[in-house]
Amino acid sequence: MEVKRICQWCGKPFIAKKTTTNYCSHQCASQGYKHRMKERRIELRELQELIEVKSKLDHQYYFTFAQAAQLMGVSRQYILHQNKSDENARGHIGTEINNKAETVIQIEKDKDDSNISKVESVHTRSKDFLPFAFCINAQLLPELLPDYVPTKKSVGRPKLEPFSPYKDIHEATHRKALELAFDGKETISGYKALEEELTTAYELAGTKFNHNKIVKIIKFLTNKRMVVQESRGIYRFMPDYHY
Ligand SMILES: [Zn+2]
């Protein structure tokens, strides 16, 4: 039996001997396999991180913002929702915190000394209080530490947040790049072709992204159904996407 197919990797048409063949050549098959394995490794790593957070929670009576964010698969800023003017974000937990709470304070363990807890005002409708710190003394009572010098904000936080196509690229840029990539074409055939078109298109739209970032962007675009894989290896731009 011979079937006409489109190679899932390079997008070229080829004649398959079996209906299960998705690639035109050994080379494309191995590239496609490598790509799938890489995606699986990333998914596995993300899963392991979640399991770590969950196992920590067994010994804890509360969620930290960072943990809640990780469990929800969003950034910490999303939970805290610092951008109060953003109407699009309505319904997020952060908005609700701001709407309902008079004051939001944050209690965090000192990075270098876990006996010390520092208290900061995250959001208050009246005047912010100055950050302070306390420890639990020998009598198991909280004791104020008047001489405590808070570590600089940037110290305890991850400096380099992982690349996020959602946070790091504006929606208008995504749209511009997609319009450029699919300019005059109904669909793009083959993952490699999609990757190449998008690399060029995002560069024309203003930013050059490396291979790893383009892979993340493609995953993001398909998750958000801005680009849909309508059949194996055939990608279609959905201009009416909900962002
Ligand atoms: Zn091929």
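These numbers were taken from a predicted model, which means no experiment stands behind them. The numbers attached to residues start from 1 for each chain and follow its sequence in the written order. Reporting of local features is limited, given that this is a predicted model, to residues whose pLDDT is at least 70; pairs of side-chain atoms are given and counted only at 80 or more, and all residues count toward the totals for whole chains, interfaces and linings. Note that the side-chain values use all heavy atoms of the structure and ignore hydrogens as well as water.

For the rest of this paragraph, the subject is the overall build of the protein chain. Here a helix means four or more residues in a row that DSSP labels H or I, a strand means two or more in a row labelled E, and each is numbered from the N terminus. The secondary structure content of the protein chain amounts to eight helices and nine strands. Here the protein chain holds 243 residues, and the buried ones make up 32% of them. Within the protein chain, residue pairs in contact and separated by at least 24 positions form 38% of the contacts whose partners lie at least 6 positions apart. Here the accessible surface of atoms and residues is derived via Shrake-Rupley with a 1.4 Å probe, and residues count as covered only by protein chains that are part of the display. Surface exposure of the protein chain reaches about 16,700 Å², of which carbon and sulfur atoms provide 54%. For every residue, the accessible area (1.4 Å probe, protein chains only) is compared with the maximum for its type, and the residue is labelled buried under 20%, exposed over 50%, or partly exposed between those bounds. Two residues form a contact once any of their heavy atoms are found within 4.5 Å.

This paragraph deals with the coordination of the zinc ion. For Na, K and Ca the donor cutoff is 3.2 Å, while for all other metals N, O and S atoms count as donors only within 2.8 Å; water does not appear among the atoms, so some sites may look incomplete. For the zinc ion, the full set of protein donor atoms is C7 (SG), C10 (SG), C24 (SG) and C28 (SG), and the range of their distances to it is 2.3 to 2.4 Å. Donor angles set the geometry label: tetrahedral for four donors if every angle is between 85 and 135 degrees, square planar for four and octahedral for six if opposite donors exceed 155 degrees and the others are between 65 and 115, irregular for anything else. Geometry at the zinc ion is tetrahedral, judged from its four donor atoms and the angles of 102 to 116° they form at the metal. For the zinc ion, the single-chain donor residues occur in sequence as C-x2-C-x13-C-x3-C. Linking C7 in the loop between β1 (3-6) and β2 (13-16) with C24 in the loop between β2 and α1 (26-57), this pair joins segments that are 17 residues apart in sequence. Residue classification places C24 among the partly exposed residues on the basis of a relative accessible area of 35%.

A cluster of basic residues, R41, R45, K213 and K216, forms a positive patch at the surface. Counting residues per element, the ones that place at least two in the positive patch are α1 and α8 (211-223). Within the element layout of this structure, R45 appears in helix α1. Patch members must show over 30% relative accessible area and no salt bridge, and they are joined within 9 Å when carrying like charges or within 5 Å when they are nonpolar side chains of Val, Leu, Ile, Met, Phe, Trp or Tyr. Salt bridge, as used here, is a side-chain nitrogen of Lys or Arg placed within 4 Å of a carboxyl oxygen of Asp or Glu. Working convention for charge: Lys and Arg count positive, Asp and Glu count negative, and His plus the chain ends are omitted. All charge positions are set by atom: Lys at NZ, Arg at CZ, Asp at CG, Glu at CD.

A word on the sheet that holds strand β8 (residues 227-231). Criterion used throughout: strands pair if DSSP finds at least two bridges between them. Taken in spatial order, the three strands of this open sheet run β7-β9-β8, and their pairing is antiparallel. Strands with a single pairing partner mark the edges of an open sheet, and in this sheet they are β7 (187-189) and β8. Between one strand and the next, the sheet's axes are offset by a mean angle of 30°, whatever the strand orientation. Summarising the sheet, β7 and strand β9 (residues 234-237) pair through three bridges and their orientation is antiparallel. An axis is simply a line fitted to the C-alpha atoms; with a helix, the fit covers only the stretch in contact. Between two such axes, the angle follows the N-to-C directions and lies from 0 to 180 degrees.

Before going further, it helps to examine the confidence of the model for the protein chain. For every residue, the predictor reports its confidence as pLDDT, a number between 0 and 100. Model confidence for the protein chain is summarised by a mean pLDDT of 81, while 80% of its residues fall at 70 or above. When the elements of the protein chain are averaged for pLDDT, helix α4 (residues 93-100) gives the smallest value, 54, and helix α7 (residues 191-204) the largest, 96. A low-confidence stretch, residues 81-92 (pLDDT under 50), is modelled with twelve contacts involving residues beyond four sequence positions or located in other chains.

Before going further, it helps to examine the environment of C28. Locating C28 in the fold gives a position in helix α1. Given the relative accessible area of 9%, C28 is considered buried. For C28 and W9, which are 19 residues apart along the polypeptide, the C-alpha to C-alpha distance reads 5.7 Å. Among all residues touching C28, those that are not within four sequence positions of it are C7, W9, C10 and Y23.

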